[in-house]
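Chain residues, written in single-letter form:
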Amino acid sequence: MKARLSIHSKYQVGKIDNRLYGSFIEHMGRAVYGGIYEPHHSTADEQGFRQDVLELVKELKVPLVRYPGGNFLSGYNWEDGIGPKEKRPHRLDLAWRTIETNQIGIHEFYEWSMKADTEINMAVNLGTKGIDSARNLVEYCNSPIGTYWSDKRADNGHKKPFGIKTWCLGNEMDGPWQIGHKTADEYGRLAAETAKAMRWVDDSIELVLCGSSSSSMPTFGSWELTVLEHAYEEVDYLSLHQYYGNQENDLAHYLARSLDMDQFISGVVAMCDAIKAKKKSKKQINLSFDEWNIWYHSNESDKAIAPWEVAPPILEDHYNFEDALLLGCLLITLLKHSDRVKIACLAQLVNVIAPIMTTQDGPAYRQTIFYPFMQVATYGKGTALTPVVTSESYATCDFEAVPYLESIAVLNQEELVIFAVNRSQEVMDFEVMLEDLSITKVVEFSQMSGFDIKQVNSEANHKVKPEGSNDFEVAGDSKKLSASLAPLSWNMIRCAVNKK
């Protein structure tokens with residue numbers, strides 16, 4: 001099978017915002033307690049944070065972490081997580097039917113974020129709370145001392161403001177499962193007024209408005225148009241959430257799900273621009289895909305979890321090789337829309353549908369999906385070039401033409417980096433045609449291939465990962481790169497180029 005990627009440095013999707021490689025930590029399951037925080041673990045630091053987990057988070061190059069939820073957010077009192085730990089209340093978390101101990105709150109998570117070399121994407125509760133709680137939280141986090149809440153922060157050990165810049169206005173408020181679920185008009189009005197109050201406290205912050213919880217919601221489309229009608233001028237981003245799974249055990253169909261993500265993004269962009277035109281606004285709303293991942297392995301086991309436990313092992317998907325292939329396709333799709341998708345959060349980061357898994361009192365390890373994410377977050381910096389792909393295709397029940405090749409190239413000051421997934425079960429003769437660039441050296445060619453599609457990594461066995469390859473050649477005129485892409489493979493090719 002033959003396939004081609006043609007690129008020209010002048011034809012660009014857009015500059016990639018580093019926040020595209022963000023993630024998410026929610027107070028649910030073992031994401032916090034037993035994930036990032038395990039005071040009695042052998043690697044725990046003086047604050048109880050697992051240093052082995054911190055090292056893996058830093059390896060992922062995550063620039064932004066959404067916190068503290070998620071569905072948890074809509075019943076959360078942020079004041080419960082400040083002050084002396086021994087005085088913090090234990091609360092019923094109605095979202096996940098667990099007990100929240102509040103041993104980790106704003107101060108502790110901020111300290112963890114500094115150790116993890118990441119920033120916080122803070123979320124405010126618009127389910128059971130509202131304008132007053134949100135503006136007080138901004139004051140607590142970002143105001144210099146001399147006011148009620150900023151002085152409280154100083155009293156609790158942090159005189160200097162946290163300086164959190166990105167804020168989410170609630171979570172999945174379109175969902176009937178959400179505590180404080182609202183209609184689009186109710187949420188749009190509340191979000192607009194909350195946004196104004198938050199900006200009056202700190203006019204440097206950026207705000208994310210809740211879009212639909214998924215493209216399959218019955219209110220999808222009407223929700224976006226309504227909430228944007230209310231809040232367009234008060235916010236900077238509109239959120240999208242989507243999860244994928246292979247419940248049907250149909251590999252071809254599963255690997256095509258990135259086309260669904262592509263359509264979802266394009267549709268939401270169109271709705272944002274429709275409201276912009278209607279309002280005659282000069283402002284462009286960009287997107288925050290602040291929940292995306294693969295989620296289906298744990299569905300049945302979660303039904304057996306007893307309620308009202310502290311940090312039960314819920315949503316602990318053990319990812320296999322086919323999941324890594326789809327995740328690579330989803331990452332490429334986000335890059336294809338990097339002109340408008342400026343923030344994205346892989347949900348979540350540790351244990352809960354996550355690239356990093358931990359064992360109690362034992363090691364942390366990398367799941368299969370860790371590797372495509374790590375490679376793109378590390379090397380997908382710069383400008384995404386418009387991909388022109390020539391490839392055979394196949395049909396599924398949802399899509400008439402799914403290309404066997406999914407690919408994109410990213411250009412930065414040092415390198416041209418090509419990411420590619422071979423969806424086929426044949427070897428692919430892959431060519432990259434460069435119109436105005438010249439390859440001077442192939443720096444790295446790695447492939448993740450040759451595994452059983454159901455193979456997983458574990459504490460004892462973590463073989464599913466990329467390996468370097470010498471199976472490439474560069475054409476004599478340096479305008480063409482040829483590589484052999486193994487069947488069902490994730491690939492990264494890094495090249496030094498001459499831009500003249």
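K.L.:
Tell me about the sheet that holds strand S20 (residues 416–422), and please be specific about residues and values.
P.N.:
Spatially, S2-S15-S19-S20-S26-S22-S23 is the arrangement adopted by the 7 strands of the open sheet, whose pairing is antiparallel. Either end of the sheet is taken by a strand with one partner, and the two such strands are strand S2 (12–15) and strand S23 (467–468). Contacting S2, strand S15 (383–385), strand S19 (405–411), S20, strand S22 (438–448) and strand S26 (489–498), helix H10 (residues 321–336) runs over the sheet at an angle of about 50° to S19. Packed onto the sheet, helix H11 (residues 370–379) meets S19, S20, S22 and S26 and runs at close to 15° relative to S26.

K.L.:
Would you mind going over the sheet that holds strand S8 (residues 166–169) in detail, with residue names and values included?
P.N.:
A barrel is described by the order of its strands in space; here 8 strands give the closed sequence S3-S4-S7-S8-S9-S10-S11-S12, paired in parallel fashion. Pairwise comparison of adjacent strand axes, ignoring direction, gives a mean angle of 30° for this sheet. Here strand S9 (residues 206–209) pairs with strand S10 (residues 237–244) via 2 bridges, running parallel. Residue valine 208 lies in a different strand from S10, and its bridge partner there is tyrosine 237.

K.L.:
Explain the pattern of salt bridges residue by residue, including any values.
P.N.:
Tallied over the full model, the rule gives 30 salt bridges. Aspartate 429 serves as the salt-bridge partner of lysine 2, at 3.9 Å between the closest nitrogen and oxygen. Taken together, the residues lysine 2 in strand S1 (residues 2–7) and aspartate 429 in strand S21 (residues 428–434) connect sequence positions 427 residues apart. Aspartate 429 sits in the partly exposed class, given a relative accessible area of 39%. Note that glutamate 444 and arginine 494 form a salt bridge whose closest N and O atoms lie 2.7 Å from each other. Taken together, the residues span a long stretch of sequence, with glutamate 444 in strand S22 and arginine 494 in strand S26 at a distance of 50 residues. The partly exposed category is assigned to glutamate 444, whose relative accessible area is 25%. A relative accessible area of 12% means that arginine 494 is categorised as buried.

K.L.:
I'd love a proper account of the pairing of S10, names of residues and values included.
P.N.:
Judged by how many residues are buried, S10 sits mostly within the fold: 7 of 8 residues are covered. Here S10 pairs with strand S11 (residues 286–294) via 7 bridges, running parallel. Pairing of tyrosine 243 across the sheet is with asparagine 293, part of S11.

K.L.:
Please set out the packing of aromatic side chains residue by residue, giving values where relevant.
P.N.:
Following the criterion strictly, the structure yields 19 aromatic pairs and no others. Summarising the aromatic geometry, the rings of tyrosine 37 and phenylalanine 49 are spaced 6.0 Å apart at their centres and angled 65° between planes, so their arrangement reads as edge-to-face. Placement of the pair is tyrosine 37 in the loop between strand S3 (22–24) and helix H1 (51–60) and phenylalanine 49 in the loop between S3 and H1, with a sequence separation of 12 residues. Relative accessible area serves as the criterion here: at 12%, tyrosine 37 is assigned to the buried category.

K.L.:
Residues and numbers for helix H3 (residues 131–142), please.
P.N.:
The first and last C-alpha atoms of H3 sit 16 Å apart over 12 residues, in line with the 16 Å expected at 1.5 Å per residue. All of the buried residues along H3 are Ser133, Ala134, Asn136, Leu137, Val138, Glu139, Tyr140, Cys141 and Asn142. Among the structural elements, helix H2 (106–115), strand S7 (119–124), helix H4 (148–155), S8 and helix H5 (184–201) are those in contact with the buried residues of H3.

Conventions used here
The numbering scheme is per chain: residues are counted from 1 as the chain's sequence reads. Since the coordinates come from a predicted model, pLDDT governs what is reported: local features require at least 70, and pairs of side-chain atoms require 80 or more to be given and counted, while whole-chain, interface and lining totals use all residues. As a rule here, side-chain values come from all non-hydrogen atoms in the structure, and water together with hydrogens is ignored. Pairing between two strands requires that DSSP report at least two bridges joining them. Think of it this way: any DSSP run of H or I at least four residues long counts as a helix, any run of E at least two long counts as a strand, and we number them from the N terminus. Here a residue-residue contact requires only that any non-hydrogen atoms of the pair lie within 4.5 Å. Each axis is a line fitted through C-alpha atoms, taken for helices only over the stretch in contact, and angles between the N-to-C directions span 0 to 180 degrees. Salt bridges, as used here, are contacts in which a Lys or Arg side-chain nitrogen is within 4 Å of a carboxyl oxygen on Asp or Glu. A simple rule labels every residue: compare its accessible area, found with a 1.4 Å probe on the protein chains alone, to the largest value its type can have, and call it buried under 20%, exposed over 50%, or partly exposed in between. Note on ring pairs: Phe, Tyr and Trp rings are taken, using the six-membered ring of Trp, and paired if centres are within 6.5 Å. Classes follow the plane angle, with under 30 degrees stacked, over 60 edge-to-face and the rest tilted. Helix span, expected: 1.5 Å multiplied by one less than the number of residues in the helix.

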